Every structure is written in C-alpha cells, then in structure tokens.
Amino acid sequence: MTRPDRFYVTTPIYYVNDRPHIGHCYTTLLADAAARMNRLLGRETFFLTGTDEHAEKVVAAAAEHGLSPMDWASRNAEAFREAFAELDISNDDFIRTSEPRHTERLAGYIRRLQDSGDIALGDYEGWWDPSQEEYVTETAAREHNFQSPVTGRPLVKRTEKNYFFRLSAYADRLLAHIEAHPGFIRPEARRNEVVGRIRQGLQDVPVSRAVQEGDADWGVLMPGDPGHRVYVWIDALCNYLTAVDTPERRAFWPADAHLVGKDILWFHAVIWPCLLMALGEDLPGCVYAHSYWIREGRKMSKSLGNFLDMPTLRGYAGAFGVDAVRWFLLTQGPAGATDADFAHARFVEVYNADLANSVGNALNRVTNMIGRYCDGAVPDAGGSAGLADHDWPAIAAGAVERAAAKADAMDLPGALAEGLALVRRVDGYIHATEPFKLAKDPSKRGEVAAILHHAAEALRIAGLVLWPAMPGKMEALWRRLGWEAPIGRAPLSELARWGGLTPGARAVIGDPLFPRADPAAPPPAPAPG
Ligand code: MSP
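Since the structure is predicted, the reported quantities are computational estimates derived from the model, not experimental observations. (Residues numbered from 1 in each chain as written. Predicted model: local features only at pLDDT ≥ 70, side-chain atom pairs only at ≥ 80, totals over all residues. Heavy atoms only, no water.)

## Thoughts on the overall build of the protein chain
When helices and strands are counted, the protein chain shows 19 helices and 15 strands. A buried classification covers 55% of the 529 residues belonging to the protein chain. Sequence-distant contacts in the protein chain: of pairs separated by 6 or more residues, those separated by 24 or more amount to 77%. If you sum the accessible surface of the protein chain, you get close to 22200 Å²; carbon and sulfur atoms cover 50% of it. Taking the 56 positively charged and 68 negatively charged side chains of the protein chain as two groups, their mean positions are separated by 4 Å. (Helix = DSSP H or I, 4+ residues; strand = E, 2+ residues; numbered from the N terminus. Buried < 20%, exposed > 50% of the residue type's maximum accessible area, 1.4 Å probe, protein only. Contact = heavy atoms within 4.5 Å. Areas by Shrake-Rupley, 256 points an atom, 1.4 Å probe, with all protein chains shown as cover. Lys, Arg positive; Asp, Glu negative; His and termini not counted. Charge placed at Lys NZ, Arg CZ, Asp CG, Glu CD.)

## Comments concerning the packing of aromatic side chains
Using the criterion set out here, one finds 28 aromatic pairs in the structure. When the ring of tyrosine 8 is compared with that of phenylalanine 46, the centres are 5.6 Å apart and the planes differ by 55°; the resulting orientation is tilted. Of this pair, tyrosine 8 sits in strand β1 (residues 6-15) while phenylalanine 46 sits in strand β2 (residues 44-52), and the two are 38 residues apart along the sequence. Using a relative accessible area of 0% as the deciding quantity, one classes tyrosine 8 as buried. (Phe/Tyr/Trp six-rings, centres within 6.5 Å; stacked < 30°, edge-to-face > 60°.)

## A few points about the site of the ligand
Close contacts around the ligand come from 23 residues, with Ile13, Asp52, Gly261, Asp263 and Trp293 the closest. One nitrogen or oxygen atom from the main chain of glycine 261 is found 3.0 Å from an oxygen atom belonging to the ligand. Summarising the interface, the protein chains cover 95% of the accessible area of the ligand, which totals 670 Å² for the free molecule. Of all elements in the fold, only β1, α1 (22-40), α8 (232-237) and β12 (257-261) reach the threshold of two or more residues within the shell around the ligand. Top contributing element to the shell around the ligand by residue count: β1, with four residues. Classifying every residue of the shell around the ligand by side-chain character gives 13 nonpolar, eight polar and two charged. (Near = heavy atom within 4 Å. Polar contact = N/O pair within 3.5 Å; in protein donor to acceptor, adjacent residues only side chain to side chain. Nonpolar A, V, L, I, M, F, W, Y, C, P; charged D, E, K, R; others polar.)

## Some thoughts on the environment of alanine 335
With respect to the element layout, alanine 335 can be found in the loop between α12 (322-332) and β15 (340-342). When the C-alpha atoms of alanine 335 and threonine 502 are compared, they prove to be 38 Å apart, with 167 residues separating the residues in sequence. Leave out the neighbours within four places in its chain, and alanine 335 touches Tyr26, Pro187, Tyr288, Ala289, His290 and Pro413.

## Some thoughts on the environment of glutamate 434
Within the element layout of this structure, glutamate 434 appears in the loop between α15 (412-433) and α16 (435-438). With 331 residues separating them in the primary sequence, glutamate 434 and threonine 103 have C-alpha atoms 65 Å apart.

## Here we look at the layout of surface pockets
For the second largest pocket, the calculated volume is near 200 Å³. For the lining of the second largest pocket, the secondary structure elements donating two or more residues are α14 (392-408) and α19 (492-495). Per element, the largest residue contribution to the lining of the second largest pocket is four residues, and it comes from α14. Split into classes, the residues belonging to the lining of the second largest pocket amount to seven nonpolar, one polar and two charged. (1 Å grid on protein atoms, 1.4 Å probe; cavity = no way out; pocket = protein on both sides within 12 Å on 5 of 7 lines; lining within 4 Å. Points joined across faces, edges and corners; volume = space filled by probe spheres on them.)

## Overview of the pairing of β1
Counted residue by residue, β1 has eight buried out of 10 residues, so it is predominantly covered. As defined by bridge partners, β1 adjoins β2 across eight bridges and the pair is classed as parallel. Within β2, the position partnered with tyrosine 14 by the bridge is threonine 51. Assessed by its sense of winding, the connection that carries the chain from β1 through α1 to β2 is right-handed. Taken together, the two bridges between β1 and β12 define a ladder with parallel strand orientation. Paired with threonine 10 across the strands is histidine 258, a residue of β12. (Pairing = 2+ DSSP bridges. Right-handed = clockwise from strand over helix to strand, strands pointing away.)

## Topic: α12
Along an α-helix, a turn takes 3.6 residues, which lines up residues three or four apart on a common side. Within α12, nine of the 11 residues are buried, leaving the element largely enclosed by the surrounding structure. Within α12, burial applies to Asp323, Ala324, Val325, Arg326, Trp327, Phe328, Leu329, Leu330 and Thr331.

## Considerations on the pairing of β12
Burial of β12 is extensive: five of the five residues sit out of reach of the surface. The pairing of β12 with strand β13 (residues 287-290) spans four bridges and is classified as parallel. Note on β13: the bridge partner recorded for glycine 261 is histidine 290. This β-α-β element, β12 to helix α10 (residues 265-279) to β13, shows right-handed connectivity.

## A word on the sheet that holds strand β9 (residues 208-210)
In spatial order, the strands read β9-β11-β10; together these three strands make up an open sheet with antiparallel pairing. One side of each edge strand has no neighbouring strand; the edge strands of this open sheet are β9 and β10 (221-222). Summarising the sheet, β9 and strand β11 (residues 225-230) pair through three bridges and their orientation is antiparallel. Within β11, the residue paired with arginine 209 across the bridge is arginine 229.

## Concerning the side chain of asparagine 239
Along the chain, the position of asparagine 239 falls in helix α9 (residues 239-242). Within the structure, asparagine 239 has its side chain in polar contact with the backbone oxygen of alanine 236 (distance 2.7 Å).

## Describing the domain arrangement of the protein chain
Domains assigned within the protein chain are domain 1 (6-290) and domain 2 (312-495). Relative to domain 2, the C-alpha centre of domain 1 lies at a distance of 40 Å. Facing the 30 residues of domain 1 at the interface are 30 residues of domain 2. Taken together, both faces of the contact between domain 1 and domain 2 bury some 2700 Å²; the carbon and sulfur share is 70%. On the domain 1 side of the interface with domain 2, the three residues burying the most area are Tyr26, Met37 and Leu40, jointly 25% of the side's total. Residue aspartate 408 is joined to arginine 43 by a salt bridge in which the shortest nitrogen-to-oxygen separation is 3.0 Å. Among the elements of the structure, α1, α7 (188-199), β12 and β13 are those that each provide at least two residues to the side of domain 1 that touches domain 2. No other element matches the 12 residues that α1 contributes to the side of domain 1 that touches domain 2. Grouping the constituent residues of the side of domain 1 that touches domain 2 by class yields 19 nonpolar, three polar and eight charged. (Domains from an automatic or database assignment. Buried area = accessible area lost by both parts, 1.4 Å probe. Salt bridge = Lys/Arg side-chain N within 4 Å of Asp/Glu carboxyl O.)

## Here we look at the state of the cysteines
In this structure the tally under the stated criterion is zero disulfides. Counting only cysteine sulfurs, cysteine 274 is the nearest neighbor of cysteine 286, a cysteine outside any disulfide, at a range of 17 Å. For cysteine 286, a relative accessible area of 0% corresponds to the buried category. (Disulfide = S-S within 2.5 Å.)

Structure below.
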C-alpha cells in the first residue's frame, strides 16, 4: 500500500474557532506516530497539519472579540501550533487556508473544474431557517415539522443560484476504485458504511455560497464571479494538495494517508476523491477514520463543557511526562471503529503496567546488573552462553518486521504493541535465566555478561519500535545503554540490526524512566498555558 521511498501523511485542518482539545490532539498524534514510523523506515516523509479558517462563524467570532477575521484566525492558529509543539508533534508544515499559497492555488483548481464543466452554476433549493440564517437539511426539516430546530419558527423553501460540483458523474469510478483498493478506506467497518451510502446514489453538491450584504471579504471568491465564495469544505479539502503543489514537493503527491475522525469521513472518502478525479490527480492511498474519545464514560460536548482540553492534557504531561500522555492516547485511543474512554484510573493503570513496570523496570534491571556485574560497561555477546533457547536476533527482527507491516497497514497501536511485547520478553528472559543468581558463581560471569548483553540489545531494538510514540523517553533509554540513535540518518533495517550496542560503552544507572504512579492520588490539576 505504502510507497517504498516516500510517505505523505495529513491531519484534518482544524477550525480556528475552537481551542485545541483531545480530539484535535489525537488525530494529530496518530499522524505524528505514522510520520515518525515512516521516517524511521527510511522513507522521505512529509507530515502536514494546519487550520481551516474560512468558516463564516470566524467572521462573527472575530467581530465579537473586536478583531479582524485575520487577526482572530492568527491568534487561534497559534494556539494549535503551540499545542502541537507541546505534544512533540513533528509536522513538517502547518498550512493556514488564509495564506496566499493556498488561496491562489485553490482558485486555480476551481477554474480548472469550471473549464471542464465539473463545476457549474445551478439552482439550489432547500429549507431556509430565517431565524438562524442557515439551511436545514431535508431530514432535519421533516423531523422538526418544518420549523427551526433551534427557535421553532417556520422554515421557508428557498431557491438560490449556486455553483455545483458534478459529484454524481464520479460515483461509479469511485466505487470501482474502492473495490480495487481494499485499504483505501479504513477501518473496514467504515469502508462498508461509505460504500453502502454511495450505492444509494450521489447527488451533485453545492460548492459555493452567495456573497451577502456587508460581506467581510473572508473566503475565496469563485473565479469569474464575485457574487459567490468557495464553500468552506471545498476550500479546506484542497489544502492537502495546495501544500505540496510546488516543484520541490510535488513528488509527495498523492498523500499516503489522510487521517480523520469518523464525523468527517464522507468529505474525505467521497467528495475529495471525486474532486481529485475531476482534476485528473492521483487518489490518496488511504483515508483512515478513527472513532471518538469520550471522558470518564461520558460523551464530550460543548454544551456539557467537558471537553478534555489542553490545560488538562498539560496537567497529565506535567505529572507523568509528555511521552506517557502520547503513549496512553496512541495505544488506548479510538483508532478502530469503537469509541475509547479517557478515564483517570485507566490512565494510571496503563502507565504503571506498560511504562513503569515494563519499559522502565526492564531498563532499570538491566542497567543495574550491568553496573553490578560488568563494572558498568555494556558487555559483549560472549558466544552463545546464556542464550538458553532464546534466538534473540530472530526474536527482535520478527518484532521489528511485524511492527513495520502493521504501521504500513496504519495499525499504529498494533505496531507499538510489538515494541512493548519485546520489552516484556526481555523481562521474561531475565526471570527465566536469573543472572542475579548466576552472578554468585564466579565461573558463570561469562554467562551473566552474555545474558545482559542480549537483554540490553533487545531493549535497544524495542526502543526503536516504541520511539514513534515516545521519542524523548526512548532517546533517554538509549543513552542509558550508551547508544545514540542516528534516527533519520540510517533506515530501520540498519538501526535494528542485531549488535548495535558498543561493547564497553558506559551503561548509566539513573532515576527511573517512568517512576511508579500512585493509583490513589487524585488526577493532576489542569495547567493553564
Ligand atoms: N475543519 C474541519 C476539517 C477540515 S479537513 C479538510 C473540522 N475541523 S475540527 O476542528 O472540527 O476538527 C475535528 C477533528 O477532531 C476531526 O478529525 C474530529 O473527528 C476530531 N474530533 C473532534 N472531537 C473528537 C473526539 N471527541 N474524539 C476524537 N476526535 C474528535 O472538522
């Protein structure tokens, strides 16, 4: 599925009217783990995120704050940039739809679609809610007895001129593409939903809105028609192409993975590919839709005011480390077709089980014993002594291979689980071979050294598989084993080759990488930025 030498991954671009919350952070983290994994695999990687700024609501919110739409958007875009920096997100670019590089290229695409007849003026008829100044869908209008769902005032049938995209013309080609590329929409349950809906028929979609009186000059005008602006969703989707539509970056297209939440899958798996077909562009490799986070068993919503926001995530990062937050979100999150719960008790349980008692503990045991029995110098392999029936080079290579295959199939939690499983095998190995007992017999020193060599080497390699989730902590783990990873300078196949540690390098006994957490302690206090 993935190209051998390049990888282009995107997140949705986020509405600037929102403050960053766990939903935005999660999609972005998944993309970050995918990007890091692919860089590790030696692929030239481009990771894009950004902000979606041309919604009409931005104009109103800016006015409320006494700011121009641009100043308001800039201020809020900054909040996203900062949040992602705090979470150690390694995006290569951050695109804002208000930037000229985007608006100019977007206008070019629309012009191409007008020229080909894929976008044309037509009549839009719908139920207009005069009290809210918005259209209500046919279904919602019926459900509410043709009254405003918000105010209960009567809806009116309204017709206006609008530009339409000829979506209907692409239904068969899209279905054929989805059938020929089983990995195009993931996970599978979501693909089946989308296919079912496409089979019910695709209608042409409006892609513009009429310029109203007192227009705030916000949004891209329809080429050749100053009476209409490009609808915000069409504007936003095109960011994935505008960002790489330069001579230097063109080779990154098509995207290998568009990561999105389930609520916006239709736009990405149907409208966007059809727009691309109309433009004559290649289609993305995969549109991956994750499910939702809920919080302590309850849906998060604006009205409940219980969104898990940056101050809360920052509180956790302060108490447990940012990599622990990344680990929890990445491995316990709603990557598949079911929602996941952010519950404090579960956070502590996972932190203790996976990080304090597994990764941290294994490193501690190994470095402590190297300190005690090998004078703090990483021992060499010493023949086959101490191996028992453990073929470590093959065990480690198997874990790396499976992790890479899972990452290619966009199963990031599965890839990371391979790293944790390898750590746990090291623990099992120490438990089974008991070097701390053998060390009491001076004739067994060679065997002890060999066991510790294999344990340390396997931990180093496990660190590579875990690195996309916990870059800071894994780099610390390597330093403790006297190794510095040339990440980005050598592909994983080389980095993970058995025997990377330097015999004689100093192993460092330091503070625990992940100090154990007290399950009875209250959740960390939110930390304002
Ligand atoms: N601007 C559009 C996307 C345009 S992309 C061409 C948009 N923006 S958004 O700010 O609303 O971003 C929403 C992203 O956060 C989506 O991927 C959405 O699924 C995700 N989440 C919002 N709430 C969420 C949860 N409770 N849990 C997980 N992710 C959720 O949509």
